[in-house]
Every structure is written in C-alpha cells, then in structure tokens.
Amino acid sequence: MNERKEEEREVLDAAMLAGHILLENGAEIFRVEETMDRICRHYGIKSCSSFVLSNGIFTTAGNEREEIFAKVQHIPVSGTHLDRVAAVNQLSREIEAGSLTPHAVKERLDQIQRMPGKSKKMQILASGVGSACFCFLFGGNGKDAAAAFFSGVVLYGYIIFLAGPHLTKLVANIGGGALVTALCTLLYKLHLGEHLNFMIIGSIMPLIPGVAFTNAIRDIADGDYIAGSVRMMDALLVFFCIAMGVGLVFSLLHQFTGGGFL
Amino acid sequence: MTAVCEMAVAALGTVAFALLFGVPALYYPYCGLIGGTGWFVYSMLAQGFSEPASAMFATIAVILLSRIFAVRKQCPVTIFLISGIFPLVPGALVYWTAYYIVTDEIALAARTGFLALKVAVAIVLGIVFVFELPQGFFRFAAKKDKRALKEKGRKKR
C-alpha cells in the first residue's frame, strides 16, 4: 500500500515536471494539459486534474482510493526551446507505448530540462542571418542586407548579454528598437547601406514576438481564453515597445538634424 | 527567377529563426521549406489580392504543411508553425506605422497601423480555420506503420 502511494507521488511529480518544461519552453496550454493527463492516466491515476495558466500550473489528485496530492507551481515566462518541447512529446509517446517506470520518466525529464541550448555564438550568428534575409525580402539590396546582418548581430549580443539578464521586458524591447534604429542610421550615414527603412525592418525581426503571437491565437482557438489573452497582451506590448523604441530615436534625430535625414 | 531566389532567402531566414527558437537541427529543412512556401504564396498572391487576403492564404499554406510534417515526423506542430509563420507576421507594417507617426503623416500612420491589424487578423483566421480540420484528415501523411496509425487515431494533434 505504501509503495503504491510512493509511486503515485512520483507519477504526479513527473507529470508536473513535464508540464513545467512544456509550458516554460513555448508549448500551447492544450498540449501541457493533455500531456500531464496522459502521464497520469497511463500509470493508473484517474483522479488527477490540472488547471494551466500561461505562467502557472495547478494540479490536484485524490479520491477515496488514491492519496490526496496538490501542487501549485509558478512558471515564469522564459525563452523558447522547442527542442525540449519535442523531447517531452517524444517521451510521452514512449510512455504510452512502453514500460518506463515513473522513476525512469522522472530521470528522463531531468535530463531534458538540462538539455543544452544552442551556443551563444550560433544564436548571435543566426540573428544576423535572419535579419539580413528579411531585409532582403522586404526590398533591400545586397548592401542593405550586409548592414542588417551587422545590426542583427549587435542586437542579439545586446539581448543575450544586457537585456536578458538585467532589463525588464518592456525596457529591453524599447532599448532594442532604439539600438537598431540608431545603429542603422549610423550605417546609413556612413553609406554602408542604401535603404534605411529596409535595414531597420530587417534587423528588428529578431525582436518580433512570433512565439507569443502564434501561441496566443492557438490558445484562444482552443478555448483557453485566460492564457491566450495574457499571451496576446504580451505580444502586443512587445510590438508596441519596439515601435516606441524606433519612434523615440527617430524623433530625437529629427530634433537634432531638423528632419533632413529622413 | 526572382520568386525562386526570394523563396530561398525566406527559407534561409526561417531556418535562422528556427535556430533561435531551439528547433532541433533535424527539422531545419522542413522549417525552411515551410517558411519559403509561405513567402512564395504570399508574394505571388500579393500581386493580385490585398495584403490581408494574401497573408491569410499564405498562413493557410504554412499551417497545412506544418500539420502534414508534424504527423509525418511525429512531433509537435508548434515546431514547424512558429518559425514558418515568421515571414508573414506584420513586423514591417508596425515599423512603417511608427515611422509615419514620427514624420507627422498621421493619416498614413493610421492607415498603415490598421493594415497591420488587418493582416494580424487574417493570420488569426488562417490559423483558426486550418486547426479546425480533424487530425484524421492528415493521416495520409503518416508513415505506413499500423501501430503508429492506431496511436494517431487517439491523439488530437
């Protein structure tokens, strides 16, 4: 009897951890709930029910035959690591198919949580490449794309080393928009790019909240209105902040140069 | 020719963002293909249709492909969807809105801002419609494996 209790506890802990990893790394609410449910049900816990918000999970279990379990976990919004989402998804398939013990599941989840992300150098490089590509797509030429590559690299350096660890989200995005605009204007003045607008559009792309926006829509479509609206709010706020940052630098330059440069 | 070239650039850009979001390297080619196709559909349609309409059809193409690959590769659709939809998110329009506000062209700013909103709504509609299709609809994409098929039947997406 005691062993069974122990096992139930382990299963619920594992389910909670799986939900935590999924939510933290950019999965939809629907997927978090379903995965937790599936893990519990596979190990024979029928009374488990969970309530998932965009930054917290509430789980309870317990009826006349099963032990009472309750846990609330706050999960701060952090970066997106879709590889972890994929790994948990794969694990959940393996649980359904095979004979993993709850303990093994817990261990696998711990491993997934410690999975190394892409190196900083790769991320910065990718940001540059992405910026250059989108600058080109929106109408820039080769020279503009090269300039956008440079400012995309600088922008992501700023995100990783300054904004991420030290700044709040709002200030980070206003600062990012401002940084890109200032840098692109400088490059433009040095004749390292020919179309200022396309350079800026390309290099702000790494700031655009694509994950929050897409997930918000999917959550709302699934009927998870609270989580969906929080994420939508997040996305809109970030959009707004980027525009503020860009506008701020533009109007400052406008003041100093009398509007000649635009 | 330009269209193919642009499609390749869009694919490269999508892969770059896929890397930023931590998509496993194994899936990069699919992300690139989806992003490139989305942009191709968008730029082809944009010649004849309004921007919101082309954004909606491009979104539909992106999500259909994402769901097909998700079934085929047995992984969460989010992986393909998020990076694939990136070229369509109206970042450029948001920029132009800020630009026109600063340069004191308020009418243009209002029009551009509203257009950005319309494009966003079009993307929303595209996403919502395609996710309404039942999972069984995508079963043709699965690898021919009986056990996997049975498992699929139970999973929603």
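Quantities reported herein were computed from a predicted structural model and do not represent experimental measurements.

Once that is clear, we can look at the overall build of chain A. When you go through chain A residue by residue, the secondary structure sums to ten helices and three strands. In summary, chain A has a C-alpha radius of gyration of 23 Å against a globular reference of 18 Å for 262 residues, an excess of more than 25%. Dimensions along the principal axes, computed over C-alpha positions, put chain A at roughly 80 × 30 × 30 Å. Expressed as a percentage of the 262 residues in chain A, the buried residues total 52%. A separation threshold of at least 6 residues defines the contact pool for chain A, and within that pool the share at least 24 residues apart is 66%.

Moving on to the interface of chain B and chain A. Contacts between the two partners involve 39 residues from chain B, matched on the other side by 48 residues from chain A. Residue assignment for the side of chain B that touches chain A shows that the elements contributing at least two residues are helix H1 (2–20), helix H4 (78–85), helix H5 (91–102) and helix H6 (106–132) of chain B. Of the residues belonging to the side of chain B that touches chain A, the class tally is 31 nonpolar, seven polar and one charged.

Another aspect to go through is the pairing of strand S3 (residues 69–74) of chain A. Residue and element names in this part refer to chain A. The buried fraction of S3 amounts to zero of the six residues, a small share that puts the element mostly on the outside. Relative to S3, strand S2 (residues 56–61) runs antiparallel, the two being bridged by six bridges. Paired with Thr-59 across the strands is Lys-71, a residue of S3.

Across the eight residues that make up H4 of chain B, a large majority, eight, are buried. Taken residue by residue, H4 of chain B has Thr-78, Ile-79, Phe-80, Leu-81, Ile-82, Ser-83, Gly-84 and Ile-85 of chain B as its buried positions. Buried-residue contacts for H4 of chain B involve helix H3 (82–97) and helix H9 (210–221) of chain A together with H1, helix H2 (28–46), helix H3 (51–73) and H6 of chain B.

Further remarks concern the nonpolar core. Ala-18 and Cys-135 of chain A together with Tyr-95 of chain B are the most contacted members of the largest nonpolar core, which has 142 residues in total. Excluding residues within four positions of it along the chain, Cys-135 of chain A makes contact with Gly-140, Asp-144, Ala-145, Ala-148, Phe-198, Met-199, Ile-201, Gly-202 and Ser-203 of chain A.

Neighbouring strands of a sheet are bound in pairs by backbone hydrogen bonds; such pairs are parallel or else antiparallel. Residues and elements named next belong to chain A. Read across the open sheet, the three strands follow the order S1-S2-S3; overall the sheet is antiparallel. The open sheet terminates on both sides in strands that have one partner only, identified here as strand S1 (49–53) and S3. Recorded for the sheet is a direction-independent mean angle of 5 degrees between the axes of neighbouring strands. Of the pairings in the sheet, the one linking S1 to S2 comprises five bridges and is antiparallel in character. Considered in S2, the bridge of Ser-50 is made with Thr-59. Running over the sheet, helix H2 (residues 29–42) touches S1 and S2 and is turned about 160 degrees from S1.

Turning our attention to the pairing of S1 of chain A. Here S1 of chain A shows a clear split, with Ser-50 and Val-52 of chain A buried on one side and none of Ser-49, Phe-51 and Leu-53 of chain A buried on the other. With antiparallel pairing between neighbouring strands as the criterion, S1 of chain A and S2 of chain A make up a hairpin whose turn holds two residues.

Its place among the elements puts Glu-107 of chain A in helix H4 (residues 102–113). In the structure, Glu-107 of chain A is positioned 73 residues away from Val-180 of chain A in sequence and 43 Å away in space, judged by C-alpha atoms.

This next bit is on H2 of chain B. Its 19 residues give H2 of chain B an end-to-end C-alpha distance of 27 Å, which sits within 8% of 27 Å, the value for a rise of 1.5 Å per residue. Those residues of H2 of chain B lying buried are Tyr-30, Cys-31, Gly-32, Ile-34, Gly-35, Gly-36, Thr-37, Gly-38, Trp-39, Phe-40, Val-41 and Tyr-42 of chain B. Tucked inside the fold, the buried residues of H2 of chain B contact helix H5 (120–137) of chain A together with H1, H3 and H4 of chain B.

Residues and elements named next belong to chain A. Each domain of chain A was delimited in the assignment, giving domain 1 (2–113) and domain 2 (120–257). Using C-alpha coordinates to define each centre, domain 1 is positioned 35 Å away from domain 2. Counting residues at the interface gives eight residues for domain 1, matched by ten residues for domain 2. Of all elements in the fold, only H2 and S1 reach the threshold of two or more residues within the side of domain 1 that touches domain 2. Taken together, the residues that form the side of domain 1 that touches domain 2 break down as four nonpolar, three polar and one charged.

The rules we used
Residues numbered from 1 in each chain as written. Chains lettered and ligands numbered in written order. Predicted model: local features only at pLDDT ≥ 70, side-chain atom pairs only at ≥ 80, totals over all residues. Helix = DSSP H or I, 4+ residues; strand = E, 2+ residues; numbered from the N terminus. Rg over C-alpha atoms; globule rule 2.2 N^0.38 Å. Buried ≥ 20, exposed ≤ 12 C-beta atoms within 10 Å, placed from the backbone. Contact = placed C-beta atoms within 7 Å. Nonpolar A, V, L, I, M, F, W, Y, C, P; charged D, E, K, R; others polar. Pairing = 2+ DSSP bridges. Core = buried A, V, L, I, M, F, W, Y, C linked by C-beta atoms within 7 Å. Axes fitted to C-alpha atoms, helices over the stretch in contact; angles between N-to-C directions. Expected span 1.5 Å × (residues − 1). Domains from an automatic or database assignment.

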